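Below are the chains, spelled out letter by letter.
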Amino acid sequence: MPLVQLIYVSSACRDLSEDELCDILESSVRHNTQQGITGVLLYKNGSFMQVIKGEEAAIDETCSRICDDDRHKDIFLLSKE
């Protein structure tokens, strides 16, 4: 199966504490490792940017989970190729 790269940006729904950001990172690492996904998650001044790469089915499932997360809003897909 071909690899897919997905890039999106979003806005946090509220200010997030360092502990909350660590929880998001730990959850992302755990889920991404299980799905065979690699990537990077950036957070600055209430905005997220994430790049993930993996098999298309895993990326689609992860994207769905990301979109359902109520800690952020205004999700904007920059690229999926």
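The structure presented is a predicted model; accordingly, all values stated were derived computationally and were not measured.

The rules behind each value
Residues numbered from 1 in each chain as written. Predicted model: local features only at pLDDT ≥ 70, side-chain atom pairs only at ≥ 80, totals over all residues. Heavy atoms only, no water. Pairing = 2+ DSSP bridges. Helix = DSSP H or I, 4+ residues; strand = E, 2+ residues; numbered from the N terminus. Axes fitted to C-alpha atoms, helices over the stretch in contact; angles between N-to-C directions. Contact = heavy atoms within 4.5 Å. Salt bridge = Lys/Arg side-chain N within 4 Å of Asp/Glu carboxyl O. Buried < 20%, exposed > 50% of the residue type's maximum accessible area, 1.4 Å probe, protein only.

### Section: the sheet that holds strand E3 (residues 47–55)
The pairing of strands in a sheet happens through backbone hydrogen bonds and is either parallel or antiparallel.
Here is step 1 of the chain: In spatial order, the strands read E2-E3-E1-E4; together these four strands make up an open sheet with antiparallel pairing. Bordering the open sheet on either side are strand E2 (38–44) and strand E4 (72–80), each of which pairs with just one other strand. When the angles between neighbouring strand axes are averaged without regard to direction, this sheet yields 15 degrees.
Here is step 2 of the chain: Where strand E1 (residues 3–12) lies against E3, nine bridges are found, and the strand directions are antiparallel. Each bridged residue has a counterpart across the sheet, and for Val4 the counterpart in E3 is Gly54.
Here is step 3 of the chain: The strands touched by helix H2 (residues 56–68) within the sheet are E1, E3 and E4, with E3 carrying the most contacts at an inclination of about 155 degrees.

### So, the pattern of salt bridges
Here is step 1 of the chain: Counted by the stated rule, this structure contains three salt bridges.
Here is step 2 of the chain: Between Lys80 and Asp60 there is a salt bridge, with its nearest N and O atoms 2.6 Å apart. With Lys80 in strand E4 and Asp60 in helix H2, this residue pair connects regions lying 20 residues apart in the sequence.
Here is step 3 of the chain: Take Asp60: its relative accessible area is 35%, and that puts it in the partly exposed class.
Here is step 4 of the chain: Where Arg71 meets Asp69, a salt bridge forms, and the shortest distance between an N and an O atom there is 2.6 Å.

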